[in-house]
Amino acid sequence: MAKSAISFVCQNCGAAYNRWQGKCESCGEWNTLVEEDITGAATMPVSIRSKRKGRLFALETLTGKSNDAPRLPSGMAELDRVTGGGFVRGSVLLVGGDPGIGKSTLLTQATSLLARAGHRAVYISGEEAVAQVRLRAERLGLADTPVQLAAETSVEDIVSTLSEGAAPRLIVIDSIQTMWTDTVESAPGTVTQVRASAQALIRFAKKSGAAIILVGHVTKDGQIAGPRVVEHMVDAVLSFEGEGSQQFRILRAVKNRFGPTDEIGVFEMTGLGLREVSNPSELFLSERDLGSPGTAVFAGIEGTRPVLVELQALVAPTTLGTPRRAVVGWDPSRLSMVLAVLEAHCAVKLSGYDVYLNVAGGLRIQEPAADLAAAAALVLSLVNAPLPTDAVYFGEISLSGAVRPVAQTSARLKEAAKLGFGRAVLPESARGETGGDSGLVLNTVSGLTNLVAEIAARGNPRGDRRANPDEYREHLPEKEHLPENLPEKNATPARFRREGR
Ligand code: TYD
Ligand code: MG
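Position numbers for residues count from 1 along each chain, tracking the sequence in the order it is written. To label them, take the chains in the order written and letter them from A, then take the ligands in the order written and number them from 1. In keeping with the predicted nature of the model, local features appear solely for residues at pLDDT of at least 70, side-chain atom pairs appear and are counted solely at 80 or more, and the whole-chain, interface and lining totals rest on all residues. Values shown for side chains rest on all heavy atoms present in the structure; no hydrogens or waters enter the calculation.

### Here's the deal with the overall build of the protein chain
Next up, step 1: A run of H or I in DSSP becomes a helix once it reaches four residues, and a run of E becomes a strand once it reaches two; helices and strands are each numbered from the N terminus. Helix and strand counts for the protein chain stand at twelve helices and 23 strands.
Next up, step 2: Evaluated residue by residue, the protein chain yields a buried proportion of 51% over its 501 residues.
Next up, step 3: Within the protein chain, contacts between residues at least 6 apart in sequence are counted, and of these 69% link residues at least 24 apart.
Next up, step 4: Here the open area of atoms and residues is found with the Shrake-Rupley method and a 1.4 Å probe, where only the protein chains shown may cover a residue. For the protein chain, the accessible surface area stands at approximately 24000 Å², while carbon and sulfur atoms represent 52% of it. Exposure classes here rest on a 1.4 Å probe applied to the protein chains alone. A residue is buried below 20% of its type maximum, exposed above 50%, and partly exposed in between. We call two residues contacting when some pair of their heavy atoms lies within 4.5 Å.

### Re the sheet that holds strand β13 (residues 264–270)
Next up, step 1: When DSSP finds at least two bridges between two strands, those strands are taken to pair. The strand order across the open sheet built from nine strands is β8-β7-β9-β10-β6-β11-β12-β13-β14, with neighbouring strands paired in mixed fashion. Edge positions in the open sheet fall to β8 (148–150) and β14 (273–276), since each of these has one partner strand only. The average undirected angle you get between the axes of adjacent strands in this sheet is 25 degrees.
Next up, step 2: Axes here refer to lines fitted to C-alpha atoms; in helices the fit is confined to the stretch in contact. Angles between the N-to-C directions go from 0 to 180 degrees. The strands touched by helix α3 (residues 103–116) are β6 (92–97), β7 (121–125), β9 (170–174), β10 (211–217), β11 (236–241), β12 (248–256), β13 and β14; relative to β7, the strand with the most contacts, the crossing angle is about 155 degrees.
Next up, step 3: The sheet contacts of helix α6 (residues 191–208) involve β6, β9 and β10, and relative to β10 the element is tilted by about 160 degrees.

### Some words on the site of ligand 1
Next up, step 1: Any residue with a non-hydrogen atom lying within 4 Å of a molecule or strand is treated as near it. Neighbouring residues of ligand 1: 16 residues in total, closest G100, K103, S104, T105 and G273.
Next up, step 2: Any pair of nitrogen or oxygen atoms within 3.5 Å is treated as a polar contact; in protein, a donor-acceptor pairing is required on top of that, and neighbouring residues in sequence qualify only through side-chain atoms on both sides. T105 places a side-chain nitrogen or oxygen 2.6 Å from an oxygen atom of ligand 1.
Next up, step 3: Take R136: an N or O atom from its side chain is 3.0 Å from an oxygen atom of ligand 1.
Next up, step 4: Summarising the interface, the protein chains cover 75% of the accessible area of ligand 1, which totals 560 Å² for the free molecule.

### Things to note about the sheet that holds strand β2 (residues 16–17)
Next up, step 1: Strand order in the open sheet formed by three strands is β2-β1-β3, with antiparallel pairing between adjacent strands. Two strands bound the open sheet, and with one partner strand each, they are β2 and β3 (33–37).
Next up, step 2: Alignment of strand β1 (residues 6–10) against β2, held across two bridges, turns out to be antiparallel. Residue pairing across strands places F8 opposite Y17, the latter belonging to β2.

### A closer look at the pattern of salt bridges
Next up, step 1: We define a salt bridge as a contact between a side-chain nitrogen of Lys or Arg and a carboxyl oxygen of Asp or Glu at a distance within 4 Å. Going through the model one piece at a time under the given rule, you end up with 16 salt bridges.
Next up, step 2: For K206, the salt bridge identified is with D235, shortest N-O distance 3.5 Å. Here the residue K206 occupies a position in helix α6, and D235 occupies one in the loop between α7 (228–231) and β11, the gap between them amounting to 29 residues.
Next up, step 3: Across the salt bridge formed by R252 and E302, the nearest N and O atoms sit 3.8 Å from each other. Of this pair, R252 sits in strand β12 while E302 sits in strand β15 (residues 295–302), and the two are 50 residues apart along the sequence.
Next up, step 4: What makes E302 buried here is its relative accessible area of 9%.

### Overview of the nonpolar core
Next up, step 1: Among the buried residues, those of types Ala, Val, Leu, Ile, Met, Phe, Trp, Tyr and Cys that are joined through side-chain atoms within 4.5 Å form a nonpolar core. Among the nonpolar cores identified, the biggest contains 68 residues, and W330, L342, L378 and L448 are the most heavily contacted of them.
Next up, step 2: In terms of residues, this core owes the most to one element, helix α10 (residues 371–383), which gives eleven residues.
Next up, step 3: Apart from residues no more than four positions distant in its own chain, L378 is found in contact with A313, V315, L335, V338, L339, L342, V355 and L357.
Next up, step 4: Among the nonpolar cores identified, the runner-up in size contains 29 residues, and L72, V82, V172 and L274 belong to it.

### Regarding the pairing of strand β18 (residues 353–359)
Next up, step 1: Counting buried positions along β18 yields five of seven residues, so the element is predominantly enclosed.
Next up, step 2: In this structure, strand β16 (residues 305–317) lies alongside β18, joined through seven bridges in antiparallel fashion. Paired with A316 across the two strands is D354, which belongs to β18.
Next up, step 3: As paired strands, strand β17 (residues 325–328) and β18 are joined by four bridges and run parallel to one another. Paired with R325 across the two strands is V355, which belongs to β18.
Next up, step 4: Taking the sense of rotation as the criterion, the β-α-β connection linking β17, helix α9 (residues 332–346) and β18 turns out left-handed. Orienting the strands away from the viewer, one traces the path from the first strand over the helix to the second; a clockwise path indicates a right-handed crossover.

### Some details on helix α12 (residues 448–456)
Next up, step 1: The buried fraction of α12 is high, at nine of nine residues.
Next up, step 2: Taken together, the buried positions of α12 are L448, T449, N450, L451, V452, A453, E454, I455 and A456.

### Some words on the packing of aromatic side chains
Next up, step 1: The criterion for an aromatic pair is that two Phe, Tyr or Trp rings (for Trp, the six-membered ring) have centres within 6.5 Å, with stacked assigned to planes under 30 degrees apart, edge-to-face to planes over 60 apart and tilted to the rest. Overall, the coordinates contain one aromatic pair when judged by the stated rule.
Next up, step 2: Residues F240 and F267 carry aromatic rings whose centres are separated by 6.0 Å and whose planes lie at 80 degrees to one another, so their mutual orientation is edge-to-face. Of this pair, F240 sits in strand β11 while F267 sits in strand β13, placing them 27 residues apart in sequence.
Next up, step 3: Residue classification places F267 among the buried positions, given a relative accessible area of 0%.
Next up, step 4: Directly above the aromatic system of F394 lies the positively charged group of R412, at a separation of 5.4 Å from the ring centroid. Over a ring means this: the NZ of a Lys or the CZ of an Arg is within 6 Å of the ring centre and within 35 degrees of the ring normal.

### Some points on α9
Next up, step 1: In a regular helix each residue adds 1.5 Å, so 15 residues correspond to 21 Å; α9 covers 20 Å between its end C-alpha atoms and thus fits that length.
Next up, step 2: What α9 keeps buried is the set R334, L335, M337, V338, L339, V341, L342, H345 and C346.
Next up, step 3: Packing partners of the buried residues in α9 comprise β17, β18, α10, β20 (396–397) and α12. Each helix should span, by expectation, one fewer than its residue count multiplied by 1.5 Å.

### Concerning the confidence of the model for the protein chain
Next up, step 1: Per-residue pLDDT for the protein chain has a mean of 82; in total, 82% of the residues score no lower than 70.
Next up, step 2: Mean pLDDT values for the elements of the protein chain range from 54 in helix α1 (residues 46–51) up to 95 in β7.
Next up, step 3: In the predicted structure, residues 459–469 sits below a pLDDT of 50 and forms 23 contacts with residues beyond four places in sequence or in another chain.
Next up, step 4: Below a pLDDT of 50 lies the segment residues 479–501, which in the model reaches 27 contacts outside its immediate sequence neighbourhood of four places, other chains included. The score called pLDDT rates the predictor's confidence residue by residue, from a low of 0 to a high of 100.

### Quick look at the packing of α9 against α10
Next up, step 1: Relative orientation of the contacting elements α9 and α10 amounts to 60 degrees, with a least axis distance of 10 Å. One finds that α9 runs oblique with respect to α10. Along this stretch, α9 crosses α10, giving a crossing that reads as right-handed. Counting all contacts with α9, which are made through R334, L335, M337, V338, L339 and L342, the residues of α10 involved are D371, A375, L378 and V379.
Next up, step 2: Here the nonpolar group is Ala, Val, Leu, Ile, Met, Phe, Trp, Tyr, Cys and Pro; Asp, Glu, Lys and Arg are the charged ones; every other residue, Gly included, is treated as polar. Taken together, the residues that form the contact of α9 with α10 break down as eight nonpolar, no polar and two charged. For this classification, under 35 degrees means roughly parallel, over 145 means roughly antiparallel, 65 to 115 means roughly perpendicular, and everything else is oblique. Working rule for handedness: look at the near helix, and if it is turned counterclockwise from the far one by less than a right angle, call the crossing left-handed; if clockwise, right-handed.

### Some remarks on the side chain of D80
Next up, step 1: Inspection of the secondary structure puts D80 in helix α2 (residues 77–83).
Next up, step 2: As a buried residue without a salt bridge, D80 has its nearest oppositely charged side chain in R71, at a separation of 7.8 Å.
Next up, step 3: If we ignore the near neighbours within four places in the chain, the residues touching D80 are P73, S74, G75, G85 and G86. Here the positive residues are Lys and Arg and the negative ones are Asp and Glu; neither His nor the chain ends is included.

This is the structure:
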């Protein structure tokens, strides 16, 4: 009998220590170390180790014949878009997301569709009883599909059962945190168990050729063994996101060995399960409030698909010593950057204002191309200007205040034209690559100062939102200082200019 090895394993990142401590030095989290017996996970019994002679294996060349990864389309176009064309045989996919976001619903639908198409599809639930899964399938109208269902948690039992008969094409394990294997001693849900169970299932996938989907809960505080530790073991990691209060759900590839990682799949949670949304722009713009100031429509690209989404800004006088900057759906450091550029190069003073920025519909934007739309929304909110409701914005803002070109201009313009927009505000240098056939009026800006001048010049603010409309006017640059096509360097405020240059 091998001596048991006790270790203290961080439940957040998996780092192991041989004594307890309050803080994990590897990931910096507090109170995440849990005592675990890692016998078997890390070491092999001495009897096996000493006797086993290495087996000979063939070494291959890179130029050998390799079959294209055979894929199994799920029948849900949005899911296939994210996986890169369907589940790859013998691969393991991890689907992460907050509890209640709809992971079980999504995978019940996917398994049912595959079973209906004649494939052997298995759904193993470690969290719910068979009756509960049946109830959900009934609610989704999929109760008649030949899915093979079980409520099991022992990995050995699952592997033995599924090795019988025809090899399954798809196996869903809901969730990996509930699985346990005899080979390690730790309690289910700990990092060691999650890792060992995932390893066993990955081995089974490779051997049988089945595609396995592991469901993983992500908890905000990292107390429960997150699926983080299995991320590097699996072939693809998808994250299912959405605001609890919103109906939209977004499936995003975080890692994908067999496909792109920048595609998103958009779903809507309805009373009858998840509905695929093939034209997300229409969805994200469907609840636009056309009368409100401080909004700008951003023409973005998610993967290969253009997505139009509304950015909403609120700039309000602050009552705090340090004004608040809050942002939902965008990178807070990019917001700080845009605010700094507005202050330094466009003389827009925002230090006395709280700034809130929100991406409508629960989408999370990662593109720097959203800078221009964010800046426009902020300035529009500051001056309470009448809205140009027919314009889309895109362009990256550099620290010098210049508006830089972004990729895929024509795809963005085409989508905007399709949805009935009449005008696009875009970087000067992008004019060449538009193809000129979008039918939109192109309003090019070379620097952020041009945009600010244009908005400031758009006439009188409506003045109905604030008690005193003159209150904010001092925070904008004087109009005469901002001629229409001001060269970049002249826009630098005097205090930044050095004498004698
Ligand atoms: P679920 O798939 O159980 O979430 P997860 O597995 O990620 O924890 O879905 C939970 C939520 O989805 C639940 O709050 C109810 C809602 N829901 C619907 O709105 N419509 C439906 O048809 C179904 C099945 C669930
Ligand atoms: Mg679930």
